[in-house]
Amino acid sequence: MTKTAVTATTAPKRIGILGGTFDPVHIGHLRGALEVADALGLDELRLTPSARPPHREMPRVSAQDRLAMVECAVAGVAPLVVDARELLRDKPSYSIDTLELMRAELAADAQVFLLLGWDAFCGLPTWHRWEELLQHCHILVLQRPDADSEPPDALRNLLAARSVSDPLALKGPSGQIAFVWQTPLAVSATQIRQLLASGKSVRFLVPDAVLAYIDAHGLYRASN
């Protein structure tokens, strides 16, 4: 009797990326990230704090504090992890640079999903080398049911050519766009900073570990 060789095949890794200033990280970021990770069966969803966001004002608190808060928030919450590479670069946090670096570390067939809110997606044409993004990733647009604005003209042709109706049908390592509906949570970092500056509680808007870090370091208080 001859033995038949069985070749084990491994499914390509599925990696999500959610960037932001996380100033501070809150339940809206985390719940949205977890919903996407669960729905798409991601192996990892990397929260990537930006050091010098090109399209926004500099964050209120230091990069070290923002990183520490994200680390507190995701500790023990698989598959959420922290990727700190943008904080180590002494230049603006361009997504294309981050994607190129990540791609170089991954297997060629790994699927990479860049998560963008609707407003960020509509602003893509202003991003550095934005037309190259889909060479390195799929884009998942986190669309809330109350978002009713139209995409800019520069994105219409891209959506017509690259969008897929079902995010689970995204094929290959990169190149397509899908929309993912999100549970609407009316929480913003701006609101949280304002509450803290006026001495009010932000409990249940941020994880307890993040609140403990904010309190221990006196972050976002009016005197800061």
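Residues numbered from 1 in each chain as written. Predicted model: local features only at pLDDT ≥ 70, side-chain atom pairs only at ≥ 80, totals over all residues. Heavy atoms only, no water.

Under an unreviewed UniProt entry, the protein has the name Probable nicotinate-nucleotide adenylyltransferase and belongs to Pseudomonas brassicacearum. UniProt's Catalytic activity (unreviewed entry) comment on the protein is quoted here verbatim: "nicotinate beta-D-ribonucleotide + ATP + H(+) = deamido-NAD(+) + diphosphate". The record in UniProt for the protein states the following under Sequence similarities (unreviewed entry): "Belongs to the NadD family." (UniProt positions renumbered as here; feature names shortened; annotations may be inferred.)

Section: the sheet that holds strand 5 (residues 138–143)
In a beta sheet, neighbouring strands pair by backbone hydrogen bonds and run either parallel or antiparallel. Within the open sheet, the seven strands sit side by side as 3-2-1-4-5-7-6. Their pairing is parallel. In this open sheet, the two edge strands, each paired with only one partner strand, are strand 3 (80–82) and strand 6 (163–164). Relative to strand 2 (residues 44–49), strand 1 (residues 14–20) is paired through six bridges, and the arrangement is parallel. Residue I15 lies in a different strand from strand 2, and its bridge partner there is E44. With respect to the sheet, helix 2 (residues 63–74) is in contact with strand 2 and strand 3, its orientation differing from that of strand 3 by roughly 155°. (Pairing = 2+ DSSP bridges. Helix = DSSP H or I, 4+ residues; strand = E, 2+ residues; numbered from the N terminus. Contact = heavy atoms within 4.5 Å. Axes fitted to C-alpha atoms, helices over the stretch in contact; angles between N-to-C directions.)

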